[in-house]
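Structural description and commentary
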Amino acid sequence: MDKKNQRIGIALSGGGARGVAHIGILKALEEFGIKPAVISGTSAGAIAGAFYSRGFTFPEIINIIKKGHFFSFSNILIKKQGFFSMKGFESIYKQYFPTNTFSDLQIPVYIAATDILKGEIVYFSSGDLSRSLMASSCIPIVFQPVKYLDTMFVDGGVLDNLPIEPLLNQCDKIIGVNVNSFNKEVKEIHFKNIFDRSFHLALSHSMRDKFQKCHLVIEPPNMTKYTIFDLKKIEEIFNYGYNYALSMEDEIKKLL
């Protein structure tokens, strides 16, 4: 099949601030001539995918993330009943997505979120865009669940941190991007990193199964050297993802 006629789908994992690496990886893929026909994302991957699909430039996306204090607890979060509320993000999304619907997006995007009441994964591709993004990135225990469509949602990564399922029947090739790689053995761990490492250890086995269904996996090594709230290292994370993807030139060109 001629590469110009291939439909490339890209699945973007969650990962908090580490998700900024997705932006760098998408930039490198564009430079290799790959523009996705459809994107699927969880949490930070959903946020990166939505802003990319809207048509913002890569520097614009980085500035939006910095300005909006994504992946930090600065200013916009409201303490309530022992949890943080995600309500402050809604006005930010509405600022950049005028109709607050999926029709604002130039590329179709699927957003994964976990229905905490029904115990099942949901892939949003229509409806309220800001609510979908908030639901997908609602980290359990940290944030109050997001009320939407008569139920409650938390982070999509709880059940699906690499949502390739929406891509399976509509793409010729699937690229999976995981920004949660970690060292399998560590000699010590700081108390503040226990939750982060435990969460990703729990995800690691299911991720292997997902990788087998991808035609190409991009997984920058040692991503857990950055924390999920590492807002101060956004530029570094972006460049790390970008340069790692550039180093995969042979594998990426072989995909086509």
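Heads up: the structure comes first, above all this text.
Per-chain numbering applies: the sequence of each chain, read as written, is numbered from 1 onward. Only residues with pLDDT of 70 or above have their local features reported here, since the model is predicted, and side-chain atom pairs are shown and tallied only from 80 upward, although totals for entire chains, interfaces and linings are computed over all residues. Calculation of side-chain values draws on the structure's entire complement of heavy atoms; hydrogens and water are dropped beforehand.

Notes on the overall build of the chain
Only DSSP runs of H or I reaching four residues or more are called helices, and only runs of E reaching two or more are called strands; each is numbered from the N terminus. Tallying secondary structure elements over the chain gives 8 helices and 10 strands in all. To sort residues, take the accessible area from a 1.4 Å probe on protein chains only and compare it with the maximum for the residue type: under 20% means buried, over 50% means exposed, and anything in between is partly exposed. In the chain, buried positions account for 54% of the 256 residues. Looking at the chain alone, contacts between residues at least 24 apart form 74% of all its contacts between residues at least 6 apart. Split by element, the accessible area of the chain, about 12,000 Å² in all, is 53% carbon and sulfur. Here a residue-residue contact requires only that any non-hydrogen atoms of the pair lie within 4.5 Å. Surface exposure here means Shrake-Rupley accessible area, sampled with a 1.4 Å probe, where a residue is shielded only by the protein chains that are shown.

Details of the pattern of salt bridges
Within this document, salt bridges are pairs made up of a side-chain nitrogen of Lys or Arg and a carboxyl oxygen of Asp or Glu, the two lying within 4 Å of each other. Tallied over the entire structure, the rule returns 9 salt bridges. Across the pair Arg-131 and Glu-90 runs a salt bridge whose closest N-O atoms are separated by 3.6 Å. Of this pair, Arg-131 sits in helix α5 (residues 129-136) while Glu-90 sits in helix α4 (residues 87-96), placing them 41 residues apart in sequence. Across the pair, exposure class does not vary: Arg-131 and Glu-90 are buried alike.

A word on the nonpolar core
Nonpolar cores were defined as sets of buried Ala, Val, Leu, Ile, Met, Phe, Trp, Tyr and Cys residues, with membership established by side-chain atoms within 4.5 Å. Residues Phe-51, Phe-70, Tyr-93, Phe-97, Leu-133 and Ile-175 are the most contacted members of the largest nonpolar core, which totals 68 residues. Setting aside residues no more than four positions away along its own chain, Tyr-93 makes contact with Ile-47, Phe-51, Phe-70, Ser-130, Leu-133, Met-134 and Ser-137. Among the nonpolar cores identified, the runner-up in size contains 10 residues, and Val-38, Ile-164, Cys-171 and Met-207 belong to it.

Quick look at the packing of aromatic side chains
In this analysis, rings of Phe, Tyr and Trp, with Trp reduced to its six-membered ring, are considered paired at centre separations within 6.5 Å, and the interplanar angle assigns stacked below 30 degrees, edge-to-face beyond 60, and tilted for intermediate values. Per the counting criterion, the structure on display carries 11 aromatic pairs. Between Phe-51 and Tyr-93, the ring centres sit 6.4 Å apart and the planes meet at 35°, which makes this aromatic pair tilted. Within this pair, whereas Phe-51 is found in helix α2 (residues 44-54), its partner Tyr-93 is found in helix α4, the two being separated by 42 residues in sequence. Neither residue differs from the other here; Phe-51 and Tyr-93 are each classed as buried. A ring is considered to have a charge above it if a Lys NZ or an Arg CZ atom is located within 6 Å of its centre and within 35 degrees of its normal. Over the aromatic face of Tyr-240 sits the side chain of Lys-225, whose NZ or CZ is 4.3 Å from the ring centroid.

Observations concerning the packing of helix α3 (residues 58-68) against helix α7 (residues 234-247)
Axis angles are defined between N-to-C directions and span 0 to 180 degrees, where every axis is a line fitted to C-alpha atoms and, for a helix, only to the segment in contact. Where α3 meets α7, the closest approach of the two axes is 11 Å, and the angle between their N-to-C directions is 145°. Crossing of α3 against α7: the hand is right-handed. Across the interface between the two elements, Phe-58, Ile-62, Ile-65 and Lys-66 of α3 pack against Ile-234, Glu-235 and Phe-238 of α7. Residue composition of the contact of α3 with α7, grouped by class: 5 nonpolar, no polar and 2 charged. Helix crossings are classified by the rotation of the near helix relative to the far one: an anticlockwise turn of less than a right angle makes the crossing left-handed, while a clockwise turn makes it right-handed. Any residue that is not Ala, Val, Leu, Ile, Met, Phe, Trp, Tyr, Cys, Pro, Asp, Glu, Lys or Arg is counted as polar, Gly included; the first ten are nonpolar and the last four charged.

Brief notes about α3
Taken residue by residue, α3 has Phe-58, Ile-61, Ile-62, Ile-64, Ile-65 and Gly-68 as its buried positions. Considered in projection along α3, the buried side chains sweep an arc of 160° and stay on one side of the axis. Among the exposed residues of α3, those pointing more than 90 degrees away from its buried face are Pro-59 and Lys-67. In this description, one arc is meant: the one made by directions from the helix axis to the C-beta atoms.

Observations concerning unusual backbone geometry
Positive phi, normally seen in glycine, also occurs at Ser-43, with a value near 55°. Along the chain, Ser-43 falls in the loop between β2 (38-42) and α2. Taking the relative accessible area as the measure of exposure, Ser-43 reaches 6% and is therefore buried. Positive phi outside glycine occurs at Asp-150, with the angle close to 65°. Turning to its location among the elements, Asp-150 is positioned in the loop between β7 (146-148) and β8 (151-155).

Focus: the pairing of strand β1 (residues 8-12)
Counting buried positions over the 5 residues of β1 gives 5, a clear majority of the element. Burial along β1 is two-sided: Ile-8, Ile-10 and Leu-12 facing one way and Gly-9 and Ala-11 facing the other are all buried. Bridge count for β1 against strand β9 (residues 173-177) is 5 bridges, and the pairing is parallel. Its bridge partner being in β9, Ile-10 is matched across the sheet by Ile-175. Any two strands are treated as partners once DSSP identifies two or more bridges connecting them. Judged from the 4 bridges that link them, β1 and β2 form a sheet pairing that is parallel. Counted as the bridge partner of Leu-12 is Gly-41 from β2. Viewed with both strands pointing away, a crossover whose connecting path from the first strand over the helix to the second turns clockwise is right-handed. Once you follow β1 into helix α1 (residues 20-31) and on to β2, the crossover reads as right-handed.

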